[in-house]
Number of protein chains: 2
Amino acid sequence: MIKEYLDTLGRQAIDAKQLLQSLTTTQKNQALEQAAASLIDKQDRLLAANEKDYQKAKEAGMAEGLLDRLKLSADRIEAMAQGLRQIASLPDPIGEVMECFDRPNGLHIKKVRVPMGVVGIIYEARPNVTADAFGLCFKTGNAVILKGGRDAFYSNQAITEIIQEALEKEGISQHALQLIAHNDREVTTAFMQLKEYVDVLIPRGGAGLIRSVVENSTIPVIETGTGNCHIYVDEEADLEKAVPIILNAKTQRIGVCNACESLLVHRKIAQKILPALGRALQEKQVEIRGDQTVLDQIPGACPATEEDYGREYLDLILSVKTVDSLEEAIAHINHYNTGHSDAILTENKAHAEKFLREVDSACVYVNASTRFTDGFEFGFGAEIGISTQKLHARGPMGLRELTSYKYQIIGNGQIRQ
Amino acid sequence: MIKEYLDTLGRQAIDAKQLLQSLTTTQKNQALEQAAASLIDKQDRLLAANEKDYQKAKEAGMAEGLLDRLKLSADRIEAMAQGLRQIASLPDPIGEVMECFDRPNGLHIKKVRVPMGVVGIIYEARPNVTADAFGLCFKTGNAVILKGGRDAFYSNQAITEIIQEALEKEGISQHALQLIAHNDREVTTAFMQLKEYVDVLIPRGGAGLIRSVVENSTIPVIETGTGNCHIYVDEEADLEKAVPIILNAKTQRIGVCNACESLLVHRKIAQKILPALGRALQEKQVEIRGDQTVLDQIPGACPATEEDYGREYLDLILSVKTVDSLEEAIAHINHYNTGHSDAILTENKAHAEKFLREVDSACVYVNASTRFTDGFEFGFGAEIGISTQKLHARGPMGLRELTSYKYQIIGNGQIRQ
């Protein structure tokens, strides 16, 4: 039953993908504009659906912060529409000739950027991800099958229907965007096995969701999001830069994957930086968990356990450790990090280069906040997530990272000897 | 016990990968030359180990063709060494600056090509894969953990030891190359779960192995090799080119993934091409399985079942089907192919372009044999396999496809607003 339902979605996505890859950039952009306009026009319907989700969640005792993330408003719908218009304004990566070469036998080989085909996205977060994920996949000529969070069920369904109506108006198959209309965990697991139809699966959400997808999916997965990000204050750091960078990376927004979770300080500079830094962090309500040197220098800090160094707090907590060398800092980071973003603060060029080379993360920084790991901050104009794996895409993923390529080979009768 | 053993290999690989990524190109090339020389110098040891495998396989009743693939000789060892020297002569992709851009806030962002880290390879085939896989991974700065086939166990172990000794001579950790010294299926499955240490897993072998890896691995996988390759003879094909191309694609080598397994012929040209083509194929002992039109035109052909169109024969068998249009050909191919290689034979440019655009395969050809889908034929100078998935790499995979990238971001105190 579930399998039949998912097979139907799969077949419909395959049909849609054939059509999508032949759309011109203009056709795609027009449809995105139309979808944006429809979300605004039909916002009453969307707000009513959202209200249903909101009341249900409230009755179930959802926390205030999560309730706020779930809630839609005219402003938030406008932002969602604006996101689609922004995607329409970006260059279309599809069709780009990435390489072109001739072989001695006369074969002419072109490497051309093409859509992935069918993208699956499993997410827990806010309903705006529905519109956003559609926009990014549609612009790159991909059909998309979404599995949203149970709490935003009615909102996701309304957004999907409104966009599908906009697509139909433009003469485009509504199967370009499909939402799985079931909330059972069983369906989610079966979706992860829909390898016959889905080319890539991207989970967006907490560590638990991502682990479950990695363990159960037979579809190739792009892992996103978990960030145990480090900042290392080198013995030759400029303290005028260091304190603002650390404050920014830890406190500018705490629930995000590119926030700093762990600080390493060279022993030679510990006495100089820790007291002032500790005060500044504590003023921002940050709890500091450190080793003995840290406890000696920062009144009010509490002892860190081994476990602290491996944690992504997503909270006003920072682990702090003193190290004796750059090498120790790099080894610590490569042991505990999640391959997301790590920074060194130093004025020593050789130290910076060693750190850039040897720290094994998607984004390695010198003298800047880890908070810049973001598709918009990188100038990609969009973001589907931050990849923490090494296959396919690493770091912020924009439109280009939602594409594959094919080789087109033109001959005039060549056969292999 | 198994888990402990694999964890040890994993930790050793992680240590080795740190060292490997700091080797210069010259150091890597010297080590490859040294490994090549050692294989020649120590060939008696290797031949003795191979003899053990060979006798065991012979006693177990292994088929003649497989026995031949297993057997090493002075010539084959020379070819193995030559493969390593060839890899040494190729350009080093590591460290290449792929992109470089500045942001309005002054951040300077570089996208730099880096090793994957630790590559796992599971293979069934000939012992020369051991040297070959090592060479490709080593040149790209990756540590590699190999799980070879049970039949080549002693040969693989001898090759590994000889290369490890060569590495030690060059002052390089022998853990750059590790071979799993167990043959239980349980170990292979546990290896597929070694996500903590291994960055990418590449299966090389038959469809059964690949399916098992895709289903059981938690490590990101690159699927390789299954090829149900099609040739479509368009109504505007040049028959002088068509017959030699089809013969080549079907018969030049039959057990390979880029051989043609299925032929589609436009109805309007069927009478013109099928009789002569049928005779030419039958002269080469090819069994033809076709629809009614084919049976009418080719005496000796037998009826094709639905199942035939989905098969990768790897044998002297060809399925042949008549179609009424280019669209029908494309739809048939996109339904039955494995995303490997498909060709159109036509003199009509618009037909060729439609085929190139709409057939969803790694390699799409106009007027050439599908047998060219190969890293060497593409001029990559090496090949680890042919990817049939869309994530990361598609088509022939050379050195570059064994790499990832990282972003290096240089600031001077930037914080996010």
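Residues numbered from 1 in each chain as written. Chains lettered and ligands numbered in written order. Predicted model: local features only at pLDDT ≥ 70, side-chain atom pairs only at ≥ 80, totals over all residues. Heavy atoms only, no water.

K.L.:
Explain the overall build of chain A to me, and be specific about the residues and the numbers.
P.N.:
The number of helices and strands found in chain A is 15 helices and 16 strands. Computed over its C-alpha atoms, the radius of gyration of chain A comes to 24 Å, within 12% of the 22 Å expected for a compact globule of 417 residues. With the principal axes as the frame, chain A shows a C-alpha extent of 70 × 70 × 35 Å. Burial status across chain A gives 59% buried among its 417 residues. Element-wise, carbon and sulfur atoms account for 48% of the exposed surface of chain A, whose accessible area totals about 16,100 Å². Positive and negative charge centroids in chain A, built from 46 and 57 side chains respectively, lie 3 Å apart. (Helix = DSSP H or I, 4+ residues; strand = E, 2+ residues; numbered from the N terminus. Rg over C-alpha atoms; globule rule 2.2 N^0.38 Å. Buried < 20%, exposed > 50% of the residue type's maximum accessible area, 1.4 Å probe, protein only. Areas by Shrake-Rupley, 256 points an atom, 1.4 Å probe, with all protein chains shown as cover. Lys, Arg positive; Asp, Glu negative; His and termini not counted. Charge placed at Lys NZ, Arg CZ, Asp CG, Glu CD.)

K.L.:
So what's going on with empty space enclosed by the protein? Residues and values would help.
P.N.:
Applying the stated criterion to the full structure yields three cavities of 30 Å³ or more. Lining the largest cavity are 21 residues, and of these Ile219 and Pro220 of chain A together with Ile219, Pro220 and Val221 of chain B sit closest to its centre. Taken together, the residues that form the lining of the largest cavity break down as eleven nonpolar, six polar and four charged. Size it by volume and the second largest cavity reaches roughly 40 Å³. Looking at the second largest cavity, the residues that line it are Lys147, Gly148, Gly149, Phe153, Asn156, Leu179, Ile180 and Asn183 of chain B. Residue composition of the lining of the second largest cavity, grouped by class: three nonpolar, four polar and one charged. (1 Å grid on protein atoms, 1.4 Å probe; cavity = no way out; pocket = protein on both sides within 12 Å on 5 of 7 lines; lining within 4 Å. Points joined across faces, edges and corners; volume = space filled by probe spheres on them. Nonpolar A, V, L, I, M, F, W, Y, C, P; charged D, E, K, R; others polar.)

K.L.:
Go over the packing of helix 5 (residues 74–89) of chain B against helix 6 (residues 128–139) of chain B with me, naming the residues and quoting the values.
P.N.:
Residue and element names in this part refer to chain B. Running from N to C, helix 5 and helix 6 point in directions that differ by 10°, and their axes come no closer than 9 Å. If you check the angle between helix 5 and helix 6, you find them roughly parallel. Every residue of helix 6 that contacts helix 5 at Met80, Leu84, Ile87 and Ala88 is listed here: Asn128, Ala131, Asp132, Phe134, Gly135, Leu136 and Lys139. Looking at the contact of helix 5 with helix 6, its residues break down into seven nonpolar, two polar and two charged. (Axes fitted to C-alpha atoms, helices over the stretch in contact; angles between N-to-C directions. Parallel < 35°, antiparallel > 145°, perpendicular 65-115°, else oblique. Contact = heavy atoms within 4.5 Å.)

K.L.:
Residue-level account of the relation of the copies chain A and chain B, with values.
P.N.:
Its rotation angle being 180°, the transformation that places chain A on chain B also includes 0.0 Å of axial translation and leaves an RMSD of 0.1 Å. On this basis, the relationship between the two copies can be described by a two-fold rotation axis. Closest approach to the rotation axis among the C-alpha atoms of chain A is made by His392 of chain A, whose C-alpha sits 1.8 Å away. (Least-squares fit on C-alpha atoms with pLDDT ≥ 70 in both.)

K.L.:
Summarise the sheet that holds strand 8 (residues 260–266) of chain B; cite the residues concerned and give the values.
P.N.:
Within the open sheet, the ten strands sit side by side as 1(A)-2(A)-16(A)-13(B)-12(B)-7(B)-8(B)-11(B)-9(B)-10(B). Their pairing is mixed. At either end of the open sheet lies a strand with only one pairing partner, and these are strand 1 (97–102) of chain A together with strand 10 (302–303) of chain B. With four bridges connecting them, strand 7 (residues 229–233) of chain B and strand 12 (residues 341–345) of chain B associate as parallel partners. Bridged to His230 of chain B within strand 12 of chain B is Asp342 of chain B. Contacting strand 16 (403–414) of chain A together with strand 7, strand 12 and strand 13 (363–368) of chain B, helix 14 (residues 349–358) of chain B crosses the sheet at an angle of about 145° to strand 16 of chain A. (Pairing = 2+ DSSP bridges.)

K.L.:
Break down the environment of Glu78 of chain B for me, citing the residues and quoting the values.
P.N.:
Residue and element names in this part refer to chain B. Relative to the assigned elements, Glu78 resides in helix 5. For the pair Glu78 and Ser387, spaced 309 residues apart in the sequence, the C-alpha separation amounts to 28 Å. When neighbours within four sequence positions are excluded, Glu78 is seen to be in contact with Ile40 and Arg85.

K.L.:
Quick rundown of the pairing of strand 2 (residues 108–115) of chain B? Include the residues and the values.
P.N.:
Residue and element names in this part refer to chain B. Of all eight residues that make up strand 2, six are buried, and the element is covered over most of its length. With five bridges connecting them, strand 1 (residues 97–102) and strand 2 associate as antiparallel partners. The residue bridging Cys100 from the neighbouring strand is Lys110, located in strand 2. Relative to strand 16 (residues 403–414), strand 2 is paired through eight bridges, and the arrangement is antiparallel. By the bridge assignment, Ile109 is partnered in strand 16 with Ile409.

K.L.:
So what about the packing of aromatic side chains? Which residues, and what values?
P.N.:
Scanning the model with the defined rule gives 14 aromatic pairs over all chains in all. Note on Tyr407 of chain A and Phe380 of chain B: the rings are 6.5 Å apart at their centroids and 55° apart in plane angle, and the pair reads as tilted. With Tyr407 of chain A in strand 16 and Phe380 of chain B in the loop between strand 13 and strand 14 (385–387), this residue pair bridges two chains. Across the pair, exposure class does not vary: Tyr407 of chain A and Phe380 of chain B are buried alike. Ring geometry for Phe378 of chain B versus Phe380 of chain B: centroids 5.8 Å apart, planes at 75°, classification edge-to-face. Through a chain of ring-to-ring contacts, three or more aromatic side chains come together here, namely Phe378 and Phe380 of chain A together with Tyr405 and Tyr407 of chain B. Positioned above the aromatic ring of Tyr405 of chain A is the side chain of Lys111 of chain A, whose terminal nitrogen or guanidinium carbon lies 4.2 Å from the ring centre. Sitting over the ring of Tyr54 of chain B, Lys71 of chain B keeps its end group 4.4 Å from the ring centre. (Phe/Tyr/Trp six-rings, centres within 6.5 Å; stacked < 30°, edge-to-face > 60°. Lys NZ or Arg CZ within 6 Å of the ring centre and 35° of its normal.)

K.L.:
Go over the confidence of the model for chain A, please, and point to the residues and values.
P.N.:
Looking at chain A, pLDDT values average 95 and 100% of them are 70 or higher. Our summary of model confidence lists the complex with pTM equal to 0.93 and ipTM equal to 0.94. (pLDDT = per-residue confidence, 0-100.)

K.L.:
Residue-level account of the pairing of strand 9 (residues 287–290) of chain B, with values.
P.N.:
For a regular strand, side chains alternate in direction, first toward one face of the sheet and then toward the other. Residues and elements named next belong to chain B. Looking at chain direction, strand 9 and strand 11 (residues 317–323) are connected through four bridges and run parallel. The residue bridging Glu287 from the neighbouring strand is Ile317, located in strand 11. Of the pairings in the sheet, the one linking strand 9 to strand 10 comprises two bridges and is parallel in character. Within the sheet, the bridge partner assigned to Arg289 lies in strand 10 and is Cys302. Viewed along the sheet, the connection from strand 9 through helix 12 (residues 292–297) into strand 10 turns out right-handed. (Right-handed = clockwise from strand over helix to strand, strands pointing away.)

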